[in-house]
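The primary structure of each chain is shown beneath.
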Amino acid sequence: MVLALTVCGIVVALVVLGLFVFGLRRRLIQRSGGTFDCSLRWDVPEKPDTSGKGWSYGVARYNGDRIEWYRVFSYAYRPRRILERSAIEVAGRRVPDGEEELALLSDAVILVCLHRGTRLELAMSEDALTGFLAWLEAAPPGQRVNVA
């Protein structure tokens, strides 16, 4: 009986510790400011896939002339993807369709982009999209920015 209670206590402590580390990691990412919730789907085909597969929920952070994207459900402190402003080309925008509505946040807008030849989709709120497009257009003089 004592062994069972000890094992249950250890399991509960590990779960609480794991949740605490998730929260702490997100706080450390967001402490410098300039972050927004952003789902990402990497290397998408030309024809939009509305099945909801391939989306990863994350947090994006502006860092100078690049955006660092972090997966939410990860313990890694380094960004999973880095998008450079000069390499981002916006190909279009659309609303979630079909099962995508279940895979994304309720107010999400999907932005279809190209980054160094790789097609990707970013899903974010309308407010975050406005900020993202303003950041893209605010590139220093001489940098090429393609916003459709």
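Notes on the structure in this doc start here. (Residues numbered from 1 in each chain as written. Predicted model: local features only at pLDDT ≥ 70, side-chain atom pairs only at ≥ 80, totals over all residues. Heavy atoms only, no water.)

**Let's talk about the overall build of the protein chain**
Each helix and strand in the protein chain was counted, giving three helices and eight strands. Seen in sequence order, the protein chain has helices and strands lined up from the N terminus as α-β-β-β-β-β-β-α-β-β-α. In terms of C-alpha radius of gyration, the protein chain reaches 18 Å, well past the compact-globule figure of 15 Å for 148 residues. The C-alpha extent of the protein chain, read off along each of the three principal axes, is 70 × 35 × 25 Å. (Helix = DSSP H or I, 4+ residues; strand = E, 2+ residues; numbered from the N terminus. Rg over C-alpha atoms; globule rule 2.2 N^0.38 Å.)

**As for helix α1 (residues 2–30)**
The end-to-end C-alpha distance of α1 is 42 Å, a good match for the 42 Å that 29 residues give at a rise of 1.5 Å each. Buried residues of α1: G18, R25 and I29, and no others. (Expected span 1.5 Å × (residues − 1). Buried < 20%, exposed > 50% of the residue type's maximum accessible area, 1.4 Å probe, protein only.)

**Notes on the nonpolar core**
Counting 21 residues, the largest nonpolar core has F36, L122, M124 and F132 as the members making the most contacts within it. Mapped by element, the contributors of at least two residues to this core are β4 (66–71), β6 (88–94), β7 (109–115), β8 (118–124) and α3 (126–137). Take this core: its biggest share by element is six residues, from α3. F132 has contacts with F36, Y62, I67, I88, L111, L122 and M124, leaving out every residue within four places of it along the chain. (Core = buried A, V, L, I, M, F, W, Y, C linked by side-chain atoms within 4.5 Å. Contact = heavy atoms within 4.5 Å.)

**Some details on the environment of R93**
Tracing the chain through its elements places R93 in strand β6. Among residues more than four places away in sequence, those in contact with R93 are V109, I110, L111, E126, L129 and L133.

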